[in-house]
Protein chains: 2
Amino acid sequence: MEVTRRNYKDCLNTVYSAIEEADFLAIDGEFSGISDGPNVSALTNGLDTPEERYTKLKKHSMNFLLFQFGLCTFKYDQKKSKYIIKPFNFYIFPKPFSRTSPDKKFICQSSSIDFLASQGFDFNKVFCHGIPYLNQEEETQLREQTEERRNQLANGVGTPSYISPSASKGPAHVPDEHKDFINKVIEKVGALLNDSEKTLDLEPCTGFQRKLIYQTLNRMFPKGIHVETVETEKKERFIQVSKVDDEERKRREQQKLERQQEELNDAVGFSRVIHAISKSSKLVVGHNMLLDVMHSIHQFYCPLPEDLQDFKEVTMCVFPRLLDTKLMASTQPFKDLITNTSLAELEKQSKETPFKSPQVETAEGFPSYDTAQEQLHEAGYDAYITGLCFISMANYLGSFLTPPKSHIPARSKLIEPFFNKLFLMRIIDIPYLNITGPDLQPKRDHVLYVTFPKEWKTSDLYQLFSAFGNIHVSWIDDTSAFVSLSQTDQVQIAMNTSRYAESYKIQTYAEYVQGKQQEKEKLSQTVKSWGEDSWVKPHYSSSNTSVGFGYLRTRKRAISPAQGDLDTDKGWSHYSYPNSEGSKKIKTDEISAQADAVESKTSEGWLKMGGASDSAGSSPVPEDDDGGDGKNSPEGSSPAGHDVGTVAWQQASTGPIRKGQKTKKKKNQGESTTSLFEVPEVW
Amino acid sequence: MEVTRRNYKDCLNTVYSAIEEADFLAIDGEFSGISDGPNVSALTNGLDTPEERYTKLKKHSMNFLLFQFGLCTFKYDQKKSKYIIKPFNFYIFPKPFSRTSPDKKFICQSSSIDFLASQGFDFNKVFCHGIPYLNQEEETQLREQTEERRNQLANGVGTPSYISPSASKGPAHVPDEHKDFINKVIEKVGALLNDSEKTLDLEPCTGFQRKLIYQTLNRMFPKGIHVETVETEKKERFIQVSKVDDEERKRREQQKLERQQEELNDAVGFSRVIHAISKSSKLVVGHNMLLDVMHSIHQFYCPLPEDLQDFKEVTMCVFPRLLDTKLMASTQPFKDLITNTSLAELEKQSKETPFKSPQVETAEGFPSYDTAQEQLHEAGYDAYITGLCFISMANYLGSFLTPPKSHIPARSKLIEPFFNKLFLMRIIDIPYLNITGPDLQPKRDHVLYVTFPKEWKTSDLYQLFSAFGNIHVSWIDDTSAFVSLSQTDQVQIAMNTSRYAESYKIQTYAEYVQGKQQEKEKLSQTVKSWGEDSWVKPHYSSSNTSVGFGYLRTRKRAISPAQGDLDTDKGWSHYSYPNSEGSKKIKTDEISAQADAVESKTSEGWLKMGGASDSAGSSPVPEDDDGGDGKNSPEGSSPAGHDVGTVAWQQASTGPIRKGQKTKKKKNQGESTTSLFEVPEVW
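Quick look at the structure, then. The structure presented is a predicted model; accordingly, all values stated were derived computationally and were not measured. (Residues numbered from 1 in each chain as written. Chains lettered and ligands numbered in written order. Predicted model: local features only at pLDDT ≥ 70, side-chain atom pairs only at ≥ 80, totals over all residues. Heavy atoms only, no water.)

## Quick notes on the environment of Glu-374 of chain A
Residues and elements named next belong to chain A.
Thought 1: Assignment of secondary structure puts Glu-374 in the loop between β11 (360–362) and α15 (379–398).
Thought 2: By relative accessible area, which is 30% here, Glu-374 ends up partly exposed.
Thought 3: Taking the C-alpha atoms as reference points, Glu-374 and Leu-192, separated by 182 residues in sequence, lie 63 Å from one another. (Helix = DSSP H or I, 4+ residues; strand = E, 2+ residues; numbered from the N terminus. Buried < 20%, exposed > 50% of the residue type's maximum accessible area, 1.4 Å probe, protein only.)

Structure, rendered in structure tokens:
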């Protein structure tokens, strides 16, 4: 169902009840751009820490507009043994609703706009009929302003014009060239008072002239008339003068206030849908959804916090249960079955053996999507097929049970291991951002941090480390890069040989992290912490907000699942947390073996190395986007490719694991990594 | 004529010849926003110096996109005694044409987008079919890159992939999970070589997989095949493998280069039109055109220089003759005849007595506009009516000649006084930016610079200066403002009384300017000057650019009309330059008389003072826009109103002027300012 400003109010209850009755929700967003930084590869270094990645995305991706939001609700019908779906496709635009409401600016990235244009995206619908929104702070501020005006009127202070400093300054000065004009107006209004007409429409004039009219009429006709600016559809404004008695005048003021109140409610607009999703606490499924989540919070809830930990807490408060199908598909037992985890490909593969095409039915009154006729990159459609992928994969897990189950509901414990882990693109050794706990901390003791003159190219680094076999270069900026060696024991040798170097400098990864930490501490001693000051107070101290997310309550909740809780024998959770011996092991040989294939200074640089003849396509959409993940996302232009991230991520489990009989469907003979997906006999 | 990417190449010659044959050109631009600063009134302080205003506009207005450019050419047909017009409406969008071309970002301002949407602006046309463009530097860079590739091919070095550092690193490593996939590809290509098919289309895959395919095929089949990525309309990419012999392979490489060359030519796109306008040296007419000129140069020529003087020089080089109809209409003898200088109103008034509706005819093959059916804010239409206004006003000047002339051509000396003076919005005492000479330097010795705690409001300032009669407050920021007193001799008294003040501080305007100057000098001692380094060299050192504006030549030209030249007896030019005694006189009483009507902290603040009941309109378009000047321009939200600027600007002429008999058509009896427009008997 397409929802714009035109039918939004009528649809809202339909949306609410769809959310309320659903077993789970799938979402997707389309944005006006991805990265306002110099290039996407700089945005996604393969050795970013989760903190670094979050900071980069916050800095370089939040000034774009989320202008299409897809929501597809899935309700399981036991009798029919199928899901009943209700897909919504919301068009979103921050139309300022009054002079005092925020006039938002957003960035458009040509390549993203061009990409969406090529997919048939309707920009006119967004810009002409998009649903407005306010975040919590804006809503509170505007409600306070309206409240103030209401109080002033109630206390008989009158509208602000009567208490303005200029009011006491005597009659307004009318510049000579406007005197004729103003005199004519006075004449007309005088005539109005003496004839039978009720209203008088003055001809359109400049704002300055309107101001003079207001001042003059207020002074000359303090009673008996009501003056109002009326705007035509073409945004032309004229003044309307009406004959009114005192009571009528007050009534009109009251009406105006009520109109303003309603306008404000309308202005909260799409944010209500996010509020409803949040309050429902339903499982929210997305594909490669980190940016969707960040944008949704940033646009409809509050500006993103500085600190990753605070972001995790806000996220848990807005979306208490998340599941990322890209992360799910990249994890065992799916990892071996799915070679391409882009949304379009995943959707295709999840219909084929060993998966089963999920049984779904579009609810009455909703237009049904046809997966054969791909409508990729329409947010509603993408949300829909994301839900399909989730159902297929969830049901596949049921085949491991004894006896096997063909339908695995969204609340099944089988799915829990995938909760609140958001796929991290192109980080070599950290597959996901863990929203409800600490992140994985790979050792990276084979990684060197190298600084050098800005003239250096990748070939210079290969030259420098030629004695150490294959290396993997991850560019940070013009004058620094991470260099991963194939063998950890060569790190010391490399360090020693560089001791007397003048043009370049080598540090171990540990030294680099320590240096950054010290920098941060120095900074935080001078800058006030965000969490204490600018965020909690302005957003949450006021109780005027009609819809509260209950941040403080949730803060406790989000903090409570501490490390100790998670490290107990709760199924599979134990494998993914740091400081449990062995879990940080990285298959360094596998990473470094790719060294000569993976390099990331610029996408051009990468193309030169890997496939220079691959340049026939004149499209700016980055090389490895291939339709993308249902969104126009940074994944596209990775030099390292998201595949790298998942390839390299293989960790030894340490808990008491019993291997399920059918767990492993290995495609690659002879490889003996320990699978991440191990089915305990709990179910 | 509507011009998009689709018909652009076909139209180009039509555009060229229209420019070539024209007597003058009218232009107009539509932008994606106006100001990315906090609010427009902060952007346009009524006491800005031209330098300050330029710096603010450059900083806060250039990140928007000029996405519709209107050009209307006017050619006078002597026989028919009418102008033949050719209107063009260009849609413009920086579609990246290849991976290496710039991926431009631009800001959209919600209120501007909303405004254009309400006027029926077609965003889909812009984003789907907009004509691309490159500035000179981008064009040069891309031409150099193409040249380099051509040379490599000519020298037999081959495409860059063959000399990349990875090439010598032995066979590419194929990660295990892709081995099956790659082996299948090898099989298929092997089969291709042995069967009768000429080409093989592989199925779509990820960028990483394509990269592996390229590497593998280059290694395994160094001869006999050509590998190429093909993109479908839906931006899906797949690899096409073709059987070719060595010669064919080279031919294809050559073809590809030629295709790239053509693509690059296409990418220069709309900039060619600006080049043609520039080369023609024709008079270019616009309405309130400073932003149009700045954007045109910034987008299609070069990033705007830091310094105002440099900007003037570049402007003279790109648009050697400009005329601003808003400035013209605000100048005598038009000033007294036209109370509202917004484009729509000017167009209406310029058809009525004493003006004559200009005789125009749309050239064959061009759709004709109907001024009765306003299509305001379509750039082509706005350019058209701007031209009409110019003709009406120009012809009106002919009525002062003896004998009177009904047609005044664009090259008439009568019009020269209006050349290259661009209207400055809402500066109280400087009506225009003088592109070909020094700017007016009003004395401002009745102005105080006041700093105070950020809690202060306008009323506090009124309080503070209550002893000095009417004042005019121009807010600078939260803690400072200019306060204009009505009488210059009170400045010293105000200074004296403030001597022991602790919460606030008062400086004279002269002290303020001196302080700023010192700051600037301090800064320029550490920062390299822009003119020497970053601008001239990168933009002009290369001679590869096909279209040169000849900056260096023009630099001389622009510098040459020095003060001395202009101050000679060349008609009216002498009145508008500083340091000619008397020309700086400001009618201070008139300005200050408006004090209580004009205040400018925020538009809200202004509304409170002037017309609080004027808030029925729920549109965010600023109060005094009233249809605006044919563009969605900052003029809209002025607290001071452009009228103020023109009212206050009245200077005594100093040259040997003889008053024309019919020069003055005074509306306001009893006023005795000296008119700016004095017709010498030269003609």
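## So, the pattern of salt bridges
Residues and elements named next belong to chain A.
Thought 1: Per the stated rule, a full pass over the model turns up 46 salt bridges over all chains.
Thought 2: We note a salt bridge from Arg-444 to Asp-429, for which the minimum N-O separation is 2.7 Å. Taken together, the residues span a long stretch of sequence, with Arg-444 in the loop between β13 (432–434) and β14 (447–451) and Asp-429 in the loop between β12 (421–423) and β13 at a distance of 15 residues.
Thought 3: Taking the relative accessible area as the measure of exposure, Asp-429 reaches 4% and is therefore buried.
Thought 4: Where salt bridges share partners, they join Lys-9, Glu-262 and Asp-266 into one cluster. (Salt bridge = Lys/Arg side-chain N within 4 Å of Asp/Glu carboxyl O.)

## Re helix α17 (residues 490–497) of chain B
Thought 1: Looking only at α17 of chain B, the buried set comprises Gln-490, Val-491, Ala-494 and Met-495 of chain B. When α17 of chain B is viewed along its axis, its buried side chains cluster within an angular range of 145° and face the same direction. (Arc of directions from axis to C-beta.)

## A word on the packing of aromatic side chains
What describes a pair of aromatic rings is the distance from one ring centre to the other and the angle between the planes of the rings.
All names here are of chain B.
Thought 1: All chains considered together, the criterion is met by 75 aromatic pairs over all chains.
Thought 2: Both rings, one in Phe-334 and one in Phe-355, keep their centres 6.0 Å apart while their planes meet at 20°; by these two values the pair is stacked. Within this pair, whereas Phe-334 is found in the loop between α13 (325–329) and α14 (343–349), its partner Phe-355 is found in the loop between α14 and β11 (360–362), the two being separated by 21 residues in sequence.
Thought 3: The exposure class of Phe-334 is buried, given its relative accessible area of 0%.
Thought 4: The interplanar angle of 55° and the centroid separation of 6.0 Å between the aromatic rings of Tyr-449 and Phe-482 together place this pair among those described as tilted. Here the residue Tyr-449 occupies a position in strand β14 (residues 447–451), and Phe-482 occupies one in strand β16 (residues 480–485), the gap between them amounting to 33 residues.
Thought 5: By relative accessible area, which is 15% here, Tyr-449 ends up buried. (Phe/Tyr/Trp six-rings, centres within 6.5 Å; stacked < 30°, edge-to-face > 60°.)

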